[in-house]
Amino acid sequence: MARRDGNPLLTVLVAGVLATGAVLLTRGAYDWSHERIAMNQRARLVARLNSVLEPALRGRDLTTTRLSLTDAALLGSTAPVDVFVIGDHGQPVATVFASVAPHGYNAPIDLLIGIGADARVTGVRAVRHRETPGLGDAIDAAKTRWIEQFNGKSLNDPPRDAWAVRRDEGRFDSITGATVTSRAVVAAVKNALLYFEQHRDEIYRAAAEAASDENAPGL
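Owing to the predicted nature of the structure, the values given are computational and were not obtained by experimental measurement.

Asks: Help me understand the overall build of the protein chain, please; the structure alone is not making it clear to me.
Replies: A count of helical and extended segments in the protein chain gives three helices and six strands. Looking at the protein chain as a whole, 37% of its 219 residues are labelled buried. Across the protein chain, every contact between residues at least 6 apart in sequence was considered, and the portion connecting residues at least 24 apart equals 48%. Looking at the protein chain as shown, the accessible area adds up to about 13300 Å², and 53% of this sits on carbon and sulfur atoms.

Structure follows, in structure tokens:
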């Protein structure tokens, strides 16, 4: 008669332990990768925000409060856009709009537009676009310095009726062969300034309320 070795109960327990261990390892790997992805996304966001801030603010220990605002006419999208209020010891020092230039040549152009507390542009970056390679893609700061011409500008400098490309009797250079793209970006930057002018107090108040909420996520 054959001998049956082993304890069935022990086998079940061992199998259960192994299964539990596998689940914990899988969950731990997911949590680690998820946290790593979140950290990388945050780092990319911080780098992008820094790119449109005044150089003196970059790398400082600042607070960032994210708001979600909607204004199709001035922010370029019927969907809510992100607006980041940058603070230093409780005082807002810059506001960054994730605005849209809806009338790009091939598609809407996603922009980051930094505006200082003095209502001057601190920087503009095209973060996503489908403009023509070799022409409209000159809005990319990695390709040309065209987009830097907005730095330091306000609705009074130049006067708001001069916020247009030179071809339209304005004060801004256009990209050769890409006037439509140039017009779209100039208009989007001007509109962000107009929104900031009209809603600055509301933006600052909303940011202060969000920052005081202990459950509000930080950046």
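Right, picking up where we left off after that structure.
Asks: I tried to follow the nonpolar core on my own but got confused; where do I start?
Replies: One broad rule of soluble globular proteins: the nonpolar side chains tend to lie buried together. In terms of nonpolar packing, the biggest core is built from 40 residues, with F97, L111, F150 and I203 touching the most fellow members. For this core, the secondary structure elements donating two or more residues are β1 (63–69), α2 (72–75), β2 (81–88), β5 (109–116), β6 (121–128) and α3 (179–212). The leading source of residues in this core is α3, at 13 residues. By size, the runner-up hydrophobic cluster in this structure holds 10 residues, among which are L49, I86, V96 and L112.

Asks: Sorry, what's going on with the environment of E197 here?
Replies: Note that E197 resides in helix α3. Along the chain, E197 and L155 lie 42 residues apart, while their C-alpha atoms are 8.9 Å from each other. Not counting residues up to four positions away in its chain, the partners in contact with E197 are L155 and R160.

Asks: How should I be thinking about the pattern of salt bridges in this particular structure?
Replies: Side-chain pairs of opposite charge can arise whenever the charged atoms involved come near each other. Considering all chains together, one arrives at nine salt bridges under this definition. Its salt-bridge partner being D173, residue R166 comes within 2.6 Å of it at the nearest N-O pair. D173 gets classed as partly exposed once you look at its relative accessible area, which sits at 38%. With a closest N to O distance of 2.7 Å, R183 and D168 form a salt bridge. Of this pair, R183 sits in helix α3 while D168 is found in the loop between β6 and α3, placing the two residues 15 residues apart along the sequence.

Asks: It is not clear to me how the confidence of the model for the protein chain should be interpreted in this structure. Could you clarify?
Replies: Predicted coordinates in regions of low pLDDT should not be interpreted in detail. Overall, the prediction assigns the protein chain a mean pLDDT of 86, with 76% of residues at 70 or greater. In the predicted structure, residues 215–219 sits below a pLDDT of 50 and forms six contacts with residues beyond four places in sequence or in another chain.

Asks: Any chance you could explain unusual backbone geometry here in plain terms?
Replies: Glycine aside, negative phi is the norm for most residues, and most peptide bonds take the trans geometry. At the junction of D157 and P158, the peptide bond is cis and its omega measures out at 5° in the coordinates. Along the chain, the position of P158 falls in the loop between β6 and α3. Positive phi outside glycine occurs at A119, with the angle close to 70°. As for its position among the elements, A119 is in the loop between β5 and β6. A positive phi angle is found at E169, which is not glycine, with a value near 65°. As for its position among the elements, E169 is in the loop between β6 and α3.

Asks: Just checking my understanding: could you explain the pairing of strand β3 (residues 91–97) for this structure?
Replies: Where a strand is regular, its side chains alternate between the two sheet faces. Pairing of β2 with β3, which is carried by six bridges, proceeds in the antiparallel orientation. From the neighbouring strand, V83 faces β3, where its bridge partner is F97. Relative to β5, β3 runs antiparallel, the two sharing four bridges. Bridge assignment links A94 to a residue of β5, and that residue is G116.

Asks: I keep staring at the layout of surface pockets and nothing clicks. Help me out?
Replies: Over the atoms, a rolled probe matching the size of one water molecule traces out where space is still vacant. Approximately 270 Å³ is the volume attributed to the second largest pocket. Taken together, 12 residues form the lining of the second largest pocket, with R48, D82, A98, L112 and V127 sitting closest to its centre. Residue assignment for the lining of the second largest pocket shows that the elements contributing at least two residues are α1 (8–51), β2, β5 and β6. The element contributing the most residues to the lining of the second largest pocket is β5, with three residues.

Asks: Can you walk me through the side chain of S154 in this structure?
Replies: Within the fold, S154 resides in the loop between β6 and α3. For S154, the contacting residues outside a window of four places in its chain are A119, R120, W163 and L193.

Asks: What should I look at first to understand the packing of aromatic side chains in this one?
Replies: Given two aromatic rings, one states the distance between the centres and the angle between the planes to describe the pair. The tally for this structure, following the rule as stated, stands at six aromatic pairs. Pairing F97 with Y195 gives two aromatic rings, centres 5.9 Å apart and planes at 80°, and the pair type is edge-to-face. Taken together, the residues F97 in strand β3 and Y195 in helix α3 connect sequence positions 98 residues apart. Comparing F97 with Y195 shows no difference in burial state: the two are buried. Taking 6.1 Å as the distance between ring centres and 70° as the angle between the ring planes, the aromatic pair formed by F196 and Y204 counts as edge-to-face. In this structure F196 comes out as buried when scored by relative accessible area, which is 1%. Ring pairs connect the aromatic residues W146, F150, W163 and F172, which therefore count as one cluster.

Quick notes on the rules
Residues numbered from 1 in each chain as written. Predicted model: local features only at pLDDT ≥ 70, side-chain atom pairs only at ≥ 80, totals over all residues. Heavy atoms only, no water. Helix = DSSP H or I, 4+ residues; strand = E, 2+ residues; numbered from the N terminus. Buried < 20%, exposed > 50% of the residue type's maximum accessible area, 1.4 Å probe, protein only. Contact = heavy atoms within 4.5 Å. Areas by Shrake-Rupley, 256 points an atom, 1.4 Å probe, with all protein chains shown as cover. Core = buried A, V, L, I, M, F, W, Y, C linked by side-chain atoms within 4.5 Å. Salt bridge = Lys/Arg side-chain N within 4 Å of Asp/Glu carboxyl O. pLDDT = per-residue confidence, 0-100. Pairing = 2+ DSSP bridges. 1 Å grid on protein atoms, 1.4 Å probe; cavity = no way out; pocket = protein on both sides within 12 Å on 5 of 7 lines; lining within 4 Å. Points joined across faces, edges and corners; volume = space filled by probe spheres on them. Phe/Tyr/Trp six-rings, centres within 6.5 Å; stacked < 30°, edge-to-face > 60°.

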